[in-house]
Amino acid sequence: MRGRRIPLALPNTGTLHRKRNTYYLRGIIVITLVIFLFLQLHAFNFPESRDPLLTEPTNDSVDAILSMVPSVLHKFLQPKSRNQTLAASLHQNVTLMNGAGIAGGAGGGLVSFVDMYHPPNISEIKRQIAKYNDMQLVLNEYTFGPLQNDSVIIVIQVHTRIIYLRHLIVSLAQARDISRVLLIFSHDFYDEDINDLVQSIDFCKVMQIFYPYSIQTHPNEFPGVDPDDCPRDIKKDQAIIRKCNNALYPDLYGHYREAKFTQTKHHWWWKANRVFDQLEVTKYHTGLVLFLEEDHYVAEDFLYLLEMMQRRTADLCPQCNILSLGTYLKTFNYYTYNSKSKQKSFSNAAASSSLLSSNNLLGYHRNRKSLQISSQTALKTSSNNNNNNNNHKFYNENTNKNSLNLKSYVGDTNPISQQQQQQQQHGTSSLITTSTSTSTTKSTSQTQGAQQTWSYHVLPSLYSVYQKVEVMPWISSKHNMGFAFNRTTWSSIRKCAKHFCSYDDYNWDWSLQHVSQQCLQRKLHAMIVKGPRVFHIGECGVHHKKKNCESNQVISKVQQVLRIARKSGQIFPKSLTLTVASLIKKTKLRKGNGGWGDHRDHDLCMNMTLPIR
C-alpha cells in the first residue's frame, strides 16, 4: 500500500481550449483573405465592374464629341451666320445664271449684295418682336399635329449663347417622344442667327416668343439704362440732391438698380405669364410645363422619366407640386488672395462647367454687326440670363468693387453648406472624378495669383433600373434646373404676384422661394430625381468672367455619363424608388440679395400678370 500513487486532478488551465480557438481564428482569417483576393481578381478581370471612365481616356476633341452625335444632327452644330448664308446663296444663283448664258460680273455682284445687308436696327427689331408675339406661329404643327392638353410644354429661356443652345437642341432631338412636345423658345435678345437655328428644328413643334422690355430694345430708357438713373453706388442723400430718377428707391443694401441684373427676373416672370395665361395654343393645356435654359443638356429618357414621376406623384408624394430633373453635382471652388498681404479668402458656389472651346469647329465668334446694336449700352449690358440661378451673390457695400469682376457682389447665399455639399457628393465612390486647375485670374491686383479648381462627380448609385427619387421642400439654389409644374401650381403662384414682384432680390428663383415661404398655403414641395437628366453646361456669365469660358471638357463628360448609362441599361428605368431624404433644417426666412429696390421694377413686374390673350 505504501508504493501506490493516488492520482490528483490538476487545475484546468484552458490551454487546449485556447489552442483550439487560435486554430479557428487563423482559419477564418485565411478564408477571409482568400475571398477578398478572389473578389479583387474578379473585379480586375471584368471591366464592367470597374469605373469605366478610369479605363477609358477622356477625349474632349471636336471629333470625339461629334462621334457621339448622330450624323443627321450635325447640321445643328454647323455655325452659319446670315452673311455667310446670303453669300453662298448668291454665289449659287450667279453660277446658275452664268451657266444659263446670262452675262454679269459675279464677283462685283456678290460684293455689292453682301454690302447691302445690314443687321436690323432697334426700330426694326421692335417691329419683328411685335410681329412674332402677335402671330403666335407654331412651326411644324402640320407635321406633328396640334398640341394635346396633357402633352409636355418645354420653355427654354434664351439670351445670346448660341454655342450652348446648339448642343441643347441636339440633346433634345435625341430624346424619346420629343415629337409630342411643344418647344417654346423665350428670347430676351433678338438675333437672326439664333432665329435661323431655332426655325431649322424639324423634330417637334416649335414656337418663339420675345420678351418685349429687354435692354436691347430699350438701351437708353427704363427698363434699360436711362442716362438720368442713379449710379449704382451713389449715396441716397447725394442721389436726392442730384434728383436722379430713382433716388428714393435704393435696395436694402443702399444700392441702385442695374438693368443687366433685373432683366433676368423680369424675363422669367414674363415668360411664365405668357405661356400659361396669354398664348392661344396653351389656353386649355393642363399638362406639365418644363423650364430649361440655353446652357442645359438633357438625357434621352428625360421625358420618359418626367411622365413616370408624374404618374407616381399620387402614391409617392401627394404633397409634391414640382418635379425636378436636374441636380447640381459639381462644385466650383475658387479662392483669391492679395499678393502683398497674403490674406486668402475662400468661397464655394455651385456652378456648372462650360461646353466648348473658343477655337473649335462647333462654335464660332460671330463678327456680324448685329451684335453691335447702335447703342453700346446694349452690348455692354448683354449678360448671361441663366447663370444667376446657382451663383447668387448679394450686394455688399463693404466689398472691393473690382474683385473677380463682380463689382460688389460677394459671398455665397446658397443655403447648402460646404460640408453638406461634400456629403452629398462623396456619399459613395464617384463615377466621374476630375480635378483641373485653371489659369490665374488677373482681373485686379487683389486677384492676381488666384487659382480655380473644379471637380465633377456623378455617383454610380444615382443611375439604376430602379431610379431613386427624393422628396423635400423646394430650395431655390438646388432645384431651379429642369423643373416642371402644371397650371394648378402656377395659378397659386400668380396669386402671390405681389410677393414675387416686391421682394428685394434680383434672382427669380429666390423670389419664388420667398413666395413659397410667405404666401402659398400649399408650400412648394419637389420630387427630385437622384440621377440627373438635365445637366448644366454653362459657366461664364453675370458672376464669373474667365479667359476660357468655353471648353469641350464638360460636354464630353456628360456624353460619357449618358453613354455608359445607356450601355449598362440604366436609362429608361423600370420603376421609381423613394429614398429618405437627409434631415433638412427648416429654411430660415432671409432678407433678399438686393438689386430690386426700384419701384419701377415692381410696377413693370406686376403689369406682366395681366391675362391678355
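Let us look at the structure shown here. (Residues numbered from 1 in each chain as written. Predicted model: local features only at pLDDT ≥ 70, side-chain atom pairs only at ≥ 80, totals over all residues. Heavy atoms only, no water.)

### Observations regarding the overall build of the protein
Under the convention used in this document: The helix count covers DSSP runs of H or I at least four residues long, the strand count covers runs of E at least two residues long, and both are numbered beginning at the N terminus. For the exposure calls, accessible area comes from a 1.4 Å probe over protein chains only, and a residue counts as buried if that area is under 20% of its type's maximum, exposed if over 50%, partly exposed in between. Here, two residues are considered to be in contact whenever any of their heavy atoms come within 4.5 Å of each other. For accessible areas, the Shrake-Rupley method is used with a probe of radius 1.4 Å. Any residue's cover is judged against the shown protein chains and nothing else.
Tallying secondary structure elements over the protein gives 19 helices and 18 strands in all. Counting across all 613 residues of the protein, residues that qualify as buried make up 52%. Considering only intrachain contacts with a sequence separation of at least 6, the fraction spanning at least 24 residues in the protein is 81%. Summing over all exposed atoms, the protein offers an accessible surface of approximately 29700 Å²; the carbon and sulfur share of this is 55%.

### A closer look at the packing of helix α11 (residues 259–277) against helix α19 (residues 599–607)
Selection criterion: All axes here are fitted lines through C-alpha atoms, helices being fitted over the stretch that makes contact, and every angle between N-to-C directions spans 0 to 180 degrees. Angle categories are assigned with fixed cut-offs, so that under 35 degrees is roughly parallel, over 145 is roughly antiparallel, 65 to 115 is roughly perpendicular, and the rest are oblique. Two helices cross in a left-handed way if the nearer one is turned anticlockwise from the farther one by less than a right angle. They cross in a right-handed way if the turn is clockwise. Classes in brief: Ala, Val, Leu, Ile, Met, Phe, Trp, Tyr, Cys and Pro nonpolar; Asp, Glu, Lys and Arg charged; the others, Gly included, polar.
Contact geometry of α11 with α19 gives a least axis separation of 9 Å together with a crossing angle of 15°. As judged from the angle between their axes, α11 and α19 are roughly parallel. With respect to the hand of their crossing, α11 and α19 are arranged in right-handed fashion. On the side of α11, the interface is formed by T262, H266 and W269, while α19 contributes D601, L604 and C605. Of the residues belonging to the contact of α11 with α19, the class tally is three nonpolar, two polar and one charged.

### Brief notes about the packing of aromatic side chains
How two aromatic rings sit relative to each other is given by the distance of their centres and the angle of their planes. The cut-off we apply is this: To pair, rings of Phe, Tyr and Trp, with the six-membered ring standing in for Trp, must have centres within 6.5 Å; the planes then decide the type, stacked if under 30 degrees apart, edge-to-face if over 60, and tilted in the middle. For a lysine, the NZ atom is tested; for an arginine, the CZ atom; a charge sits over a ring if that atom is within 6 Å of the ring centre and within 35 degrees of the ring normal.
Under the defined criterion, the tally for this structure stands at 19 aromatic pairs. Ring centres 5.8 Å apart and planes at 10° place the aromatic pair F276 and F485 in the stacked group. One end of the pair, F276, is in helix α11; the other, F485, is in strand β15 (residues 483–485), with 209 residues separating them in the sequence. Look at F276 and you get buried, because its relative accessible area is 2%. Aromatic ring contacts, followed pair by pair, group W268, W269, F276, F291, W474, F483, F485, W490, F500 and W508 into a single cluster. Over the ring of Y132 we find K131, and its NZ or CZ is 5.4 Å from the ring centre.

### Some points on the pattern of salt bridges
For clarity, the threshold we go by: By convention in these notes, a salt bridge is any Lys or Arg side-chain nitrogen within 4 Å of a carboxyl oxygen on Asp or Glu.
A full pass over the atoms with the stated rule returns 17 salt bridges. A salt bridge links D229 to R600; the shortest N-O distance between them is 3.1 Å. Taken together, the residues D229 in the loop between β4 (205–210) and α10 (236–242) and R600 in helix α19 connect sequence positions 371 residues apart. The class of R600 is partly exposed, set by a relative accessible area of 24%. A salt bridge links R566 to E300; its shortest N-O distance comes to 2.6 Å.

### A short note on the environment of N273
Counting through the fold element by element, N273 comes out in helix α11. Judged by relative accessible area, N273 falls into the buried class, the value being 0%. When sequence neighbours within four positions are dropped, the list of residues in contact with N273 reads Q278, W490, R494, M608 and T609.

### Details of the state of the cysteines
The test is simple: Cysteine sulfur pairs qualify as disulfides if the two atoms are within 2.5 Å.
Throughout the structure, instances matching the rule amount to four disulfides. A sulfur-sulfur separation of 1.8 Å characterises the disulfide bridge that pairs C317 with C320. The sign of the 80° torsion about the S-S bond sets the C317-C320 disulfide as right-handed. In this structure C320 comes out as buried when scored by relative accessible area, which is 7%. A sulfur-sulfur distance of 2.0 Å marks the disulfide that ties C496 to C519. Measuring handedness by torsion sign, the sulfur bridge of C496 and C519 sits at about -80° and is left-handed. In this pair, C496 is assigned in the loop between α15 (487–494) and α16 (497–502) and C519 in the loop between α17 (508–518) and β16 (525–529), connecting sequence segments 23 residues apart.

### Describing the side chain of N321
Using the following cut-off: Nitrogen and oxygen atoms within 3.5 Å of one another constitute a polar contact, given that in protein one can donate a hydrogen and the other can accept it, and given that sequence-neighbouring residues count only through two side-chain atoms.
Along the chain, N321 turns up in the loop between α12 (302–316) and β7 (322–324). According to the relative accessible area criterion, N321 is buried, its value standing at 10%. There is a polar contact of 3.2 Å between the side chain of N321 and the backbone oxygen of K523. Apart from residues no more than four positions distant in its own chain, N321 is found in contact with A484, F485, T489, R522, K523, L524 and H525.

### Observations regarding the side chain of K205
How we decide: Only four residue types enter the tally: Lys and Arg on the positive side, Asp and Glu on the negative side, with His and both chain ends excluded.
Topologically, K205 is positioned in strand β4. The buried charged residue K205 lacks any salt bridge, with E141 as its nearest oppositely charged partner at 7.4 Å. Polar side-chain contacts of K205 include one of 3.4 Å to the backbone oxygen of G145.

### Considering the nonpolar core
Just so we agree on the cut-off: Among buried residues, the Ala, Val, Leu, Ile, Met, Phe, Trp, Tyr and Cys ones that are joined through side-chain atoms within 4.5 Å form a nonpolar core.
Core analysis: the largest hydrophobic core is formed by 53 residues, its most contacted members being I154, L172, L183, F185 and F203. If near-sequence neighbours (up to four positions away) are discounted, I154 is found in contact with L172, I178, V181, L182, L183, I184, L290, L292, F302 and L303. Residues V155, M472, F483 and C501 belong to the second largest nonpolar core, which totals 41 residues.

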